[in-house]
Amino acid sequence: MTRIAYVNGRYVPHHEAAVHIEDRGYQFADGVYEVIAVRRGRLVDENGHLDRLKHSLSELRIAWPLSRRALKIILREVVRRNRLNGDGMVYLQVTRGVAPRSHAFPDHRESALVVTARRLRLLQGNEADAGVDVITIPDIRWKRCDIKSISLLPNILGKQQAEDSGASEAWMVDSGGQVTEGTLSNAWIVTEMGELVTRDASRAILNGITRQAVLRLATEAEIAFSERPFTVNEAKAAREAFITGTTVLVTPVVRIDGEPVGDGRTGEFTAKLLAFYARHMDNQGKGT
Ligand code: PDD
């Protein structure tokens with residue numbers, strides 16, 4: 001089956017999809033993106049993703065490529081044209097458009113939009129059961145990590161470093177020794193005292209849509225939590241640790257820098273929150 005991409009107003013075969021060489025995303029990483037999970041053909045937490053897209057665009061003063069309503073129609077159309085009726089993800093990217101290379105913004109306000117989709121196994125796989133290893137690395141990113149920028153060099157270098165050392169994810173650590181987040185996920189622990197902790201949403205992290213959903217699900221289940229920074233040492237002494245994100249859902253972390261977390265197996269809170277989140281994914285999209 002031919003995959004279909006949406007590129008600036010047209011639906012085109014994925015292998016033919018292209019943007020101009022002077023697209024500012026290509027030259028300056030002057031753009032933002034979202035990754036939205038698709039569960040049984042439905043977009044998961046679409047409104048949360050579009051709200052965060054709005055934040056990213058407005059912080060960078062990039063114009064909406066089209067109205068939110070039209071964008072929702074395109075997202076559905078890309079899902080439909082790719083016959084994504086099972087599980088997968090939609091990627092959408094908005095850049096400041098095409099203009100002769102010059103640092104300052106172009107005069108026009110024609111941003112560029114690309115949307116792609118692909119299949120992805122969400123709830124199966126060993127990682128959710130067996131858990132993953134993380135390493136810790138210095139956070140060398142800029143000071144606006146709340147913006148979902150396509151400029152991801154520190155993240156890709158960190159993720160590659162993790163994979164090179166046999167781990168799945170790298171937790172980035174700020175100059176005060178506190179964990180900020182993973183390269184493509186948010187970081188969580190259940191402390192020695194049994195407190196569920198994830199870093200507070202500030203400019204130091206991306207406020208994950210999965211993170212926000214898990215916090216809501218914890219509130220509904222009357223599980224107390226604290227949104228605050230935690231140190232690497234606190235994480236290493238924790239009972240449980242896990243990561244959240246669109247592509248990793250809720251994945252247990254069983255080793256940090258090679259040291260087992262708790263008994264080195266998926267923890268009780270982690271399993272419970274994954275089960276809640278799986279149910280949340282299954283309840284998506286009705287009527288939106
Ligand atoms: N990454 N932190 C970072 C740095 C991320 O890149 C992501 C998501 C998250 C989790 O956010 P959410 O729950 O909204 O997916 C946290 C996406 C999936 C990516 O870059 O592929």
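Residues numbered from 1 in each chain as written. Predicted model: local features only at pLDDT ≥ 70, side-chain atom pairs only at ≥ 80, totals over all residues. Heavy atoms only, no water.

## Some remarks on the pattern of salt bridges
Part 1 of the reasoning: Counted by the stated rule, this structure contains 23 salt bridges.
Part 2 of the reasoning: The residue Glu 34 makes a salt bridge to Arg 52 at a minimum N-O spacing of 2.7 Å. Residue Glu 34 is found in strand 3 (residues 31-39), and its partner Arg 52 is found in helix 2 (residues 46-60); the two are separated by 18 residues along the sequence.
Part 3 of the reasoning: Given a relative accessible area of 0%, Glu 34 falls into the buried group. (Salt bridge = Lys/Arg side-chain N within 4 Å of Asp/Glu carboxyl O. Helix = DSSP H or I, 4+ residues; strand = E, 2+ residues; numbered from the N terminus. Buried < 20%, exposed > 50% of the residue type's maximum accessible area, 1.4 Å probe, protein only.)

## Some details on the environment of Thr 183
Part 1 of the reasoning: Position of Thr 183 among the secondary structure elements: in the loop between strand 9 (179-182) and strand 10 (186-190).
Part 2 of the reasoning: Expressed as a C-alpha distance, the spacing of Thr 183 and Trp 171, which sit twelve residues apart in the sequence, is 6.8 Å.
Part 3 of the reasoning: When sequence neighbours within four positions are dropped, the list of residues in contact with Thr 183 reads Asn 155, Gly 158, Lys 159, Glu 169, Ala 170 and Met 172.
Part 4 of the reasoning: Side-chain polar atoms of Thr 183 contact the side chain of Glu 169, separated by 2.5 Å. (Contact = heavy atoms within 4.5 Å. Polar contact = N/O pair within 3.5 Å; in protein donor to acceptor, adjacent residues only side chain to side chain.)

## Considerations on the domain arrangement of the protein chain
Part 1 of the reasoning: Along its sequence, the protein chain is organised into domain 1 (4-119) and domain 2 (127-285).
Part 2 of the reasoning: Each of domain 1 and domain 2 was reduced to a C-alpha centroid, and the two centroids are 26 Å apart.
Part 3 of the reasoning: Taken together, the contact between domain 1 and domain 2 spans 27 residues of the former and 24 residues of the latter.
Part 4 of the reasoning: Considering only the side of domain 1, the residues that lose the most area to domain 2 are Tyr 33, Asp 45 and Arg 52, jointly responsible for 32% of the buried surface there.
Part 5 of the reasoning: The interface formed by domain 1 and domain 2 contains three salt bridges. (Domains from an automatic or database assignment. Buried area = accessible area lost by both parts, 1.4 Å probe.)

## Quick look at a nonpolar patch on the surface
Part 1 of the reasoning: Where nonpolar side chains cluster on the molecular surface, the patch consists of Leu 153, Ile 156 and Leu 157 and spans about 320 Å² of accessible area.
Part 2 of the reasoning: Relative to the elements of secondary structure, Ile 156 occurs in helix 5 (residues 153-164). (Patch = residues over 30% accessible without salt bridge, like charges linked within 9 Å, V, L, I, M, F, W, Y side chains within 5 Å. Areas by Shrake-Rupley, 256 points an atom, 1.4 Å probe, with all protein chains shown as cover.)

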